[in-house]
Each structure stands twice: as C-alpha cells, then as structure tokens.
Amino acid sequence: MKTTLHPRFRNSSEAARAETIMRSCVHCGFCTSGCPTYQLLGDENDSPRGRIALIKEMFEVGEVNEAHSTHLDRCLTCRSCETHCPSGVAYTELLDIAKGFMTESRARSLRSRLWRGLVRRILSAQDLLTMGFTVLRALKPLRWLTSLLPFGIPLAPEIKPGADELTEPSTTVVVLEGCVQQAATPSVNEALRTLLLSQGVAALSIQGEACCGALNYHLGEHDQGRQDMRRLLHQIRDQVPGDALVVSSASGCGVTVKDYAKYFSRSDPDYGLAIEISRRAIDAVELLRRYTWKVKPLRIAIHNPCTLTHGQGLDGAVGELLSGAGFELTIGAPATLACCGSAGTYSVLQPTLSKQLRDKMLSGLQRDTPDVIVTANIGCHLHLAAGSSIPVMHWIEILCHQWQLQNT
Ligand code: SF4
Ligand code: SF4
C-alpha cells in the first residue's frame, strides 16, 4: 500500500516504520476471515485490511478523526490477522504506532481519556489490586455481589505445598508474577513452583517486580510503557543469574517480554539488554513440556489465548502437554473464533463486543460439558470465569492438582 506521509511526520522514525509496514500490505484480504471483529460486525473498517487503510489515511492527512479512533479502538490486538497474512505484515506494531499518535493527538473524547486513565491507574496499583482481589475472593459466595463485576473471581483447586527449597537445583529459572495474576490468582504460580521443584528446578522471584509494560504500551502510552519495560529489564539484569530463563505463566505478559527488542530503538542504551532478555523469555508450557507428567484423568476443554497462539506461535502446545499427561480433551472452542474478547483492557473499554465474543467462545467450550475449562492467561481467565457455569482455571493449576492426586 503506497503511502505519502504528511509533512508533520517528516522527522518521525515511528512514522517511517509505519510507512514501511503499510507498504508491505498488498490489500489481498486473506486476513479478514480470521478477524473476530470483522466476523461479528461485517464492516470492512473493523477488519485488519480496513484498519490499515484507516491508519494510512491518518498518517497521510496528519489528523485523527472519530472514525479512526472508533474502529482502531475496536481492534482486540489478537494478532489473528498476522497468522493469516501471507505477506508477513507486522500489523500489531503498526497499530501500536497509530495508537501512540492517537494518544498524542488527544483525539478521543474527554470522557474516554478519563476512563482509560482510570483503568491504567487501577491496574498499575499493585497493592490496591492485591487488596481488592483478596476481599473479592472472600466475598465470592455472595453471588449477587460478584455477578455485578465485569470479571469473574475464579476459585483455585487445593494445591499441597511442594518440596522444601532445593539445595542443589538442576536448573534455576526466574518466574514472573505478573501484576494482575499475582493479585487475582496467586495459586497459578504456587502450582508452577510446586511442579518445578518436583523436577529439581529452582524458581526465583524478582523483588518488587515491575509491570512488563504491556498495559501502558498497548493503550498508546509508549513512554510510560517503555519505562515499565526498562524497570523490569534492569531488575532481571540485577537480580537474576545471567543464564536463567525468564518464565511467564501469563501468556499476555510472556509475549510482551519476548517482543521487548521491538519496543526499543537500536540507539537506545537498553536495546542490547532487551534483545538478550527476549531470547531468555519462555512460556511455562515450553518449560513444563520438557518433563513427563502423569495425572488422575479429568475431562477438560482448552481455551488457547491469542497471546499464546498468535503472539508466541504455541498453538496446541498446552493441549499436547495435557493430553500426554492423561487428561481427556473435549471438543473445545470453535476453530474459527480467534478471541474470547478479554484482550487486556478490552473487556472494560469495549464491554458489549467483549461480552458477545466471550459468549460465543463459551458456547463452544461448554458444549461437550467438560469438568473444567482451562486457559493460559490471566485476562482470559477472569473474563471467561465471569460468564461460565463450568469452573475456569489456569491449566497449570489443574495439572498440579491432578498430578498430586495421582502421585500421593
Ligand atoms: S492478509 Fe496481509 S497483505 Fe493481505 S490485506 Fe491482510 S494485512 Fe494486507
Ligand atoms: S488484531 Fe485481531 S481484531 Fe485486530 S484486526 Fe487483527 S484479527 Fe482483527
């Protein structure tokens, strides 16, 4: 797609990068079939090709109008279009650049800006999040109260404490806690640690762990997002042995860390560190599948988050590990539906579309009446739990629970 940048972008390296990405799109439309918002709304402007055309217009005219912000804000950043694109268009990077421009231009209404600012502040306040979720877990039996929330409060299976700390571990890794996950479902990483300890793997934590930066960056607050990333990069460099893998059990945080090198320019003093940490980043499934697990069987439906499937290219990895361990997998999610509608802050900022996508996803996951639905990302976990009559858990929790039942 040939683009002529508006003169105001003459010295912008980000706009130049956007132009390069837009030129790589040949307008073929192969991406539209896998786009959840296009499937739902049937509007070309809510398809990847249509959004690229809107971004092109924005960069040519040098202004953001209401149509731009409406259709770009409806994008889930699920990256299904990248998987479907034969030309390798870096759509998410383009959208992030466009969102940065939209934020700079203050194009959204005051109400929308205030709401987005509030969401960022709440989700960045770790102590407040931890306190809030502790209270909500205690109130979980009051269904009338928790049903008013835009997210679910999942209950975790009982996990017995693992072995004592290892004196001579075979491997050492660092486990990222994640901001929302450590507040909402701390049991996920407790289960991960228990499983790793059983295999002689020592799992370190980072003192005062910073946010991975995904929240701010994907909301168009690039400076703040990069600042968060820098803090986490420095913490890993200063607190973790140089060769330890950086493991994430929340696929949304994991994909961000794997992509760190993309967020820093080559001239940035932290560019080299970002490349190094990206290379050491690994999802929990990539680590746990190195070992053999045997569980007490259970029927489960697997939800594969977009950040695992499209973001990290690990489609089917959780299912393979769990079926190999002895779980019976039910039919699961509709193959054509890419996203459950959680998508970071999407469920709060676009509640109507988000709920429609969730209900479609859940009707597929629940169809075969599994005992449990499992997922791999905290946002999807809370979002699906809000609408599901079947318990929703992180796959690591149920793996650990059934493995303990089988082995004790
Ligand atoms: S599939 Fe790729 S090249 Fe084709 S329209 Fe979509 S983004 Fe452009
Ligand atoms: S990221 Fe997802 S919602 Fe956005 S355009 Fe691509 S496929 Fe559609």
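Residues numbered from 1 in each chain as written. Chains lettered and ligands numbered in written order. Predicted model: local features only at pLDDT ≥ 70, side-chain atom pairs only at ≥ 80, totals over all residues. Heavy atoms only, no water.

> How should I be thinking about the sheet that holds strand 4 (residues 281-283) in this particular structure?
Adjacent strands of a sheet form backbone hydrogen bonds with each other and so pair up, either parallel or antiparallel. The strand order across the open sheet built from four strands is 2-1-3-4, with neighbouring strands paired in parallel fashion. Looking at strand neighbours, the two that pair on one side only are strand 2 (201-204) and strand 4, the edges of this open sheet. For this sheet, the mean inter-axis angle between neighbouring strands, taken without regard to orientation, is 40°. Helix 14 (residues 251-258) rests against strand 1 (171-176), strand 3 (245-248) and strand 4 of the sheet, and its axis sits at about 155° to strand 4. (Pairing = 2+ DSSP bridges. Helix = DSSP H or I, 4+ residues; strand = E, 2+ residues; numbered from the N terminus. Axes fitted to C-alpha atoms, helices over the stretch in contact; angles between N-to-C directions. Contact = heavy atoms within 4.5 Å.)

> Would you take a moment to explain the sheet that holds strand 5 (residues 299-302) for this structure?
Reading across from one edge, 6-5-7-8 is the order of the four strands in this open sheet, with parallel pairing throughout. Both edges of this open sheet fall to strand 6 (328-329) and strand 8 (392-394), since each of them pairs with a single strand only. Of the pairings in the sheet, the one linking strand 7 (residues 372-375) to strand 8 comprises three bridges and is parallel in character. When the bridges of strand 8 are listed, Val374 appears paired with Met393.

> Help me out: how do you make sense of a nonpolar patch on the surface in this one?
A cluster of nonpolar side chains, Trp115, Leu118, Ile122, Leu128, Met131 and Val135, forms an exposed patch at the surface whose accessible area comes to about 570 Å². Secondary structure elements with two or more residues in the nonpolar patch: helix 7 (110-124) and helix 8 (126-139). (Patch = residues over 30% accessible without salt bridge, like charges linked within 9 Å, V, L, I, M, F, W, Y side chains within 5 Å. Areas by Shrake-Rupley, 256 points an atom, 1.4 Å probe, with all protein chains shown as cover. Salt bridge = Lys/Arg side-chain N within 4 Å of Asp/Glu carboxyl O.)

> Explain the site of ligand 2 to me, please; I cannot follow it from the model alone.
Residues in close proximity to ligand 2 total 13 residues, the closest being Cys35, Arg51, Cys75, Cys78 and Cys81. Mapping ligand 2 onto the cavity grids shows that it belongs to the second largest cavity. Elements with a contribution of two residues or more to the shell around ligand 2: helix 2 (36-41), helix 3 (48-61) and helix 5 (80-84). Taken together, the residues of the shell around ligand 2 break down into eight nonpolar, three polar and two charged. (Near = heavy atom within 4 Å. 1 Å grid on protein atoms, 1.4 Å probe; cavity = no way out; pocket = protein on both sides within 12 Å on 5 of 7 lines; lining within 4 Å. Sits in = over half its atoms within 2 Å of the grid points. Nonpolar A, V, L, I, M, F, W, Y, C, P; charged D, E, K, R; others polar.)

> Which parts of the structure should I look at to understand the packing of aromatic side chains?
The geometry of an aromatic ring pair is captured by two quantities: the separation of the ring centres and the angle between the planes. This model, assessed by the stated rule, comprises six aromatic pairs. Aromatic rings pair up to connect Phe9, Phe59 and Phe101 into one cluster. (Phe/Tyr/Trp six-rings, centres within 6.5 Å; stacked < 30°, edge-to-face > 60°.)

> I would appreciate a short explanation of the environment of Ile373 in the present structure.
Structurally, Ile373 is set in strand 7. Take Ile373: its relative accessible area is 0%, and that puts it in the buried class. For the pair Ile373 and Val318, spaced 55 residues apart in sequence, the C-alpha to C-alpha distance is 12 Å. Not counting the four nearest positions on each side in its chain, Ile373 is found in contact with Ala301, Leu362, Leu365, Gln366, Ser388, Ile390, Pro391, Val392 and Met393. (Buried < 20%, exposed > 50% of the residue type's maximum accessible area, 1.4 Å probe, protein only.)

> Can you walk me through the site of ligand 1 in this structure?
Around ligand 1 sit 13 residues, and of these Cys25, Cys28, Gly29, Cys31 and Cys85 come closest. If you map ligand 1 onto the pockets, it falls in the largest cavity. Classifying every residue of the shell around ligand 1 by side-chain character gives nine nonpolar, three polar and one charged.

> I'm lost on empty space enclosed by the protein in this one. Help?
The gaps of empty space that remain are located by a probe, the size of a water molecule, rolled over the atoms. Taken as a whole and judged by the stated rule, the model has four cavities of 30 Å³ or more. The volume enclosed by the largest cavity comes to roughly 130 Å³. Those elements that provide at least two residues to the lining of the largest cavity are helix 3 and helix 5. It is helix 3 that contributes the most residues to the lining of the largest cavity, three residues altogether. Across the lining of the largest cavity, the residue classes tally to 10 nonpolar, three polar and two charged. Its volume calculated, the second largest cavity comes out at about 80 Å³. Taken together, 13 residues line the second largest cavity, and the ones lying closest to its centre are Cys35, Arg51, Cys75, Cys78 and Cys81. Of all elements in the fold, only helix 2, helix 3 and helix 5 reach the threshold of two or more residues within the lining of the second largest cavity. Residues that form the lining of the second largest cavity fall into these classes: eight nonpolar, three polar and two charged. (Points joined across faces, edges and corners; volume = space filled by probe spheres on them.)

> Can you help me understand the pairing of strand 3 in this one?
For a regular strand, the rule is simple: side chains alternate between the two faces of the sheet. With four bridges connecting them, strand 1 and strand 3 associate as parallel partners. Directly across from Val174, in strand 3, lies its bridge partner Val246. Here strand 3 pairs with strand 4 via three bridges, running parallel. Residue pairing for strand 4: Val246 is matched across the bridge by Ala281.

> Mind showing me how you'd approach the domain arrangement of the chain here?
Reports of interface size often rely on the accessible area that becomes lost once the parts have come together. Once the domains are mapped, the chain shows domain 1 (8-108), domain 2 (157-287) and domain 3 (289-407). The C-alpha-based centres of domain 1 and domain 3 are spaced at 29 Å. Across the contact, 14 residues belong to domain 1 and 15 residues belong to domain 3. Linking domain 1 to domain 3 there are zero salt bridges. Our count for the domain 1 to domain 3 interface comes out at three residue pairs in polar contact (both at pLDDT 80 or more). Sorting the residues of the side of domain 1 that touches domain 3 by element identifies helix 2 and helix 5 as the ones contributing at least two each. Of the residues in the side of domain 1 that touches domain 3, the class split is six nonpolar, five polar and three charged. (Domains from an automatic or database assignment. Polar contact = N/O pair within 3.5 Å; in protein donor to acceptor, adjacent residues only side chain to side chain.)

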